[in-house]
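Each chain, written out:
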Amino acid sequence: MTEDELLQRLSATLRTEIGPAIEVEYPKTQAFMAAVVTQKLGRQVGLARVHETAEAADFNALVTDLQELTKSSPKLKKLDDAIAAFDGQRSKVELCQVIDALYGERAELGEAQFARLLARIRVCLRSSIDRQMEYAA
Amino acid sequence: MSDLAVAPISSDEIRAYLATQLPDATDLALHDVAQIAVGWSHETWLFDLHYREGGESHVLGLCLRRDPGNALLRHLSDLGEQFRVLKCLEKTNLPTPKAYWYESDPAILGAPFLVMEKVAGSCPSPWGREGRAFYQGAAERGVLPREFTEALATLHTIDWRAVELDFLGVPASGRGFAEREIAKWRELIATTAHPPEPILTDLIGWLEANIPPTDRVTLVHGAYRTGNLLIDSDRVSAVLDWELQVLGDPMYDVAYVLSDLNREGTHLLSNLVERDAFMRDYEAATGFTIDEDACRYYNALYAMRSVAFWMSASDLYASGRSNDLRLARTAWSVPVVLDRAARDLGY
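In what follows, the accompanying structure is described. (Residues numbered from 1 in each chain as written. Chains lettered and ligands numbered in written order. Predicted model: local features only at pLDDT ≥ 70, side-chain atom pairs only at ≥ 80, totals over all residues. Heavy atoms only, no water.)

Moving on, we come to the overall build of chain B. The helix and strand inventory of chain B stands at 12 helices and 9 strands. Taking 2.2 N^0.38 as the reference for a compact globule, 347 residues should give roughly 20 Å; the C-alpha atoms of chain B span a radius of gyration of 21 Å, in line with that estimate. For chain B, the spread of C-alpha atoms along the three principal axes comes to 70 × 50 × 40 Å. With 347 residues in all, chain B has 55% of them scored as buried. Sequence-distant contacts, at least 24 apart, represent 69% of the contacts inside chain B between residues at least 6 apart. Entry remark: accessible area of chain B is about 14,600 Å², with carbon and sulfur atoms responsible for 48%. The averaged location of the 50 negative side-chain charges in chain B is 2 Å from the averaged location of its 32 positive side-chain charges. (Helix = DSSP H or I, 4+ residues; strand = E, 2+ residues; numbered from the N terminus. Rg over C-alpha atoms; globule rule 2.2 N^0.38 Å. Buried < 20%, exposed > 50% of the residue type's maximum accessible area, 1.4 Å probe, protein only. Contact = heavy atoms within 4.5 Å. Areas by Shrake-Rupley, 256 points an atom, 1.4 Å probe, with all protein chains shown as cover. Lys, Arg positive; Asp, Glu negative; His and termini not counted. Charge placed at Lys NZ, Arg CZ, Asp CG, Glu CD.)

Next comes the structure, spelled out in structure tokens:
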């Protein structure tokens, strides 16, 4: 039995056997809530490897596209540094810094370039949230 | 595990405290004591105090709210402020519970608490089947929807300076109100150990870039919906949940009413009111024109606020400050809100 299968099994036991057997309201609610938590956690654990691979691929493509899109634009310290940091450490922390820098240097970038870069980032963000919704919804 | 909820309190402890507040009363006894399990913030007890004074028997319905020490939004809304707000609102025609006593000294009942009037009525939850059926019936009867709108209009037309609510902080005109809200929720997010969320960063960037300027300042409830209103015979007997109130743009409350956050499986606002009727009656009662663009903006601000709530709530469980599994579950509410926020931003 895999970890996620075990968590799903725990969830089913909490929902169908433990919860209904409890008569006191608060612990009964807690048992059903534990069933919800373990079910969501199980789905998240089960999807984790596939999601990590997909996110890494998305981040790699995003770095490449951001570098390409900013190649001919005026050099902007904060944004360039943030993209370089995202290139070095392809994680959500660095992506947040890129988005922060984008809004912070919007005026210098100009609306068209700002919109182009943001639209590209948002493609990546949409894919990411779609994946999270597979276990969170 | 150092900040788990404070010890339970007994009826005897409550009665002993009330005896100190009613020194001429004798034969004090608490009847129908019930700890109600609603809300994630303060512990709440309802009871009737029976006593004798001046040769006569009296019954006083009371509600005691105590800070459990690990409440959601604890550092944003304390009971002392709630008490002060309720005292101010006693001078208005908005239906609210009368506030009797507030004690900040934890030596009395283990934590700060306030005692207020137990107002007649019930508070059906709009999230449950029974509550939804109640509001559907009330919508068909027609009185409560008008009451809902009128109470909000009354709230927004209170002369807040005259009743000394300016202690809540008057926002600067123009961008001041929204800037203050963004800063407040950003600060709450920063207190959590939740990993950074790029969609949230995008949302905050968008919010800061698109603030609707406003010069109108009213009392704003912050969570005006069914479930936070006490209802007695289809009348609003009390507006409750004074935890998020601010002075600011009334469209902030209107946006909350118009939002689909507070209705499930119905087109009725807050499970109760037809949109057109709400807009017509609200505008007529307040003289304000509903600014739907501003409402769309505030809807996005509510997404940020919700994310801050859920990050804070799940952090309370994850850090061991609460054992309530409802809080643990909210970790998965964060992506749900971010998904909706992204759609609102067009992606």
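There is more to say, and it comes next.
This paragraph deals with the overall build of chain A. Of regular secondary structure, chain A possesses 6 helices and 0 strands. Reading chain A from its N terminus to its C terminus gives the helix and strand order α-α-α-α-α-α. Taking 14 Å as the expected radius of gyration for a compact globule of 137 residues, we find that chain A reaches 21 Å, considerably beyond that expectation. Dimensions along the principal axes, computed over C-alpha positions, put chain A at roughly 65 × 30 × 20 Å. For chain A, with 137 residues in total, the buried portion stands at 39%. Element-wise, carbon and sulfur atoms account for 58% of the exposed surface of chain A, whose accessible area totals about 7,500 Å². Separation between the mean location of the 18 positive side-chain charges and that of the 21 negative ones in chain A comes to 3 Å.

In this assembly, 28 residues from chain A lie in contact with 24 residues from chain B. Across the interface of chain A and chain B, roughly 2,400 Å² is buried in total on both sides, 69% from carbon and sulfur atoms. Between chain A and chain B we count 3 salt bridges in total. As a salt-bridge pair, R122(A) and D202(B) come within 2.8 Å of each other at their nearest N and O atoms. Joining chain A to chain B, the criterion identifies 8 residue pairs in polar contact (both at pLDDT 80 or more). Counting residues per element, the side of chain A that touches chain B draws most heavily on helix α6 (residues 111-136) of chain A, which supplies 10 residues. Within the side of chain A that touches chain B, the residues separate by chemical class into 18 nonpolar, 3 polar and 7 charged. (Buried area = accessible area lost by both parts, 1.4 Å probe. Salt bridge = Lys/Arg side-chain N within 4 Å of Asp/Glu carboxyl O. Polar contact = N/O pair within 3.5 Å; in protein donor to acceptor, adjacent residues only side chain to side chain. Nonpolar A, V, L, I, M, F, W, Y, C, P; charged D, E, K, R; others polar.)

It is worth spelling out a nonpolar patch on the surface at this point. A surface patch of nonpolar side chains, about 330 Å² in accessible area, is lined by M1(A), L6(A) and L10(A). For L6(A), a relative accessible area of 45% translates into the label partly exposed. (Patch = residues over 30% accessible without salt bridge, like charges linked within 9 Å, V, L, I, M, F, W, Y side chains within 5 Å.)

Computed from the structure, the second largest pocket encloses a volume of approximately 760 Å³. Around the second largest pocket sit 26 residues that line it, and Q44(A), Q132(A), Y135(A), P195(B) and E197(B) are the ones nearest its centre. Looking at the lining of the second largest pocket, the element that brings in the most residues is helix α2 (residues 25-70) of chain A, giving 7 residues. Classifying every residue of the lining of the second largest pocket gives 13 nonpolar, 7 polar and 6 charged. (1 Å grid on protein atoms, 1.4 Å probe; cavity = no way out; pocket = protein on both sides within 12 Å on 5 of 7 lines; lining within 4 Å. Points joined across faces, edges and corners; volume = space filled by probe spheres on them.)

Residues and elements named next belong to chain B. Strands sit in the order β1-β2-β3-β5-β4 across an open sheet of 5 strands; the sheet is antiparallel. Only two strands of the sheet have a single partner each, and these edge strands are β1 (26-36) and β4 (99-103). Going from strand to strand, the sheet's axes swing by 25 degrees on average, the running direction of each strand aside. The sheet contact formed by β4 and strand β5 (residues 113-117) spans 4 bridges and is antiparallel. Residue E103 lies in a different strand from β5, and its bridge partner there is F113. Across the sheet, helix α1 (residues 11-21) is in contact with β1, β2 (43-53), β3 (56-66), β4 and β5; its angle to β1 comes to roughly 130 degrees. The sheet strands contacting helix α2 (residues 79-89) are β3, β4 and β5, and the helix crosses β4 at an angle near 155 degrees. (Pairing = 2+ DSSP bridges. Axes fitted to C-alpha atoms, helices over the stretch in contact; angles between N-to-C directions.)

The next point concerns the nonpolar core. Residue and element names in this part refer to chain B. The biggest cluster of nonpolar side chains holds 106 residues, and the ones touching the most others in it are F278 and M304. Of the residues that make up this core, three or more belong to each of domain 1 (11-117) and domain 2 (129-344). For F278, the contacting residues outside a window of four places in its chain are F148, T149, L152, V254, V257, L258, L269, V273 and I290. Ranked by size, the runner-up nonpolar core spans 19 residues in total, among them Y17, A25, L28 and V115. (Core = buried A, V, L, I, M, F, W, Y, C linked by side-chain atoms within 4.5 Å. Domains from an automatic or database assignment.)

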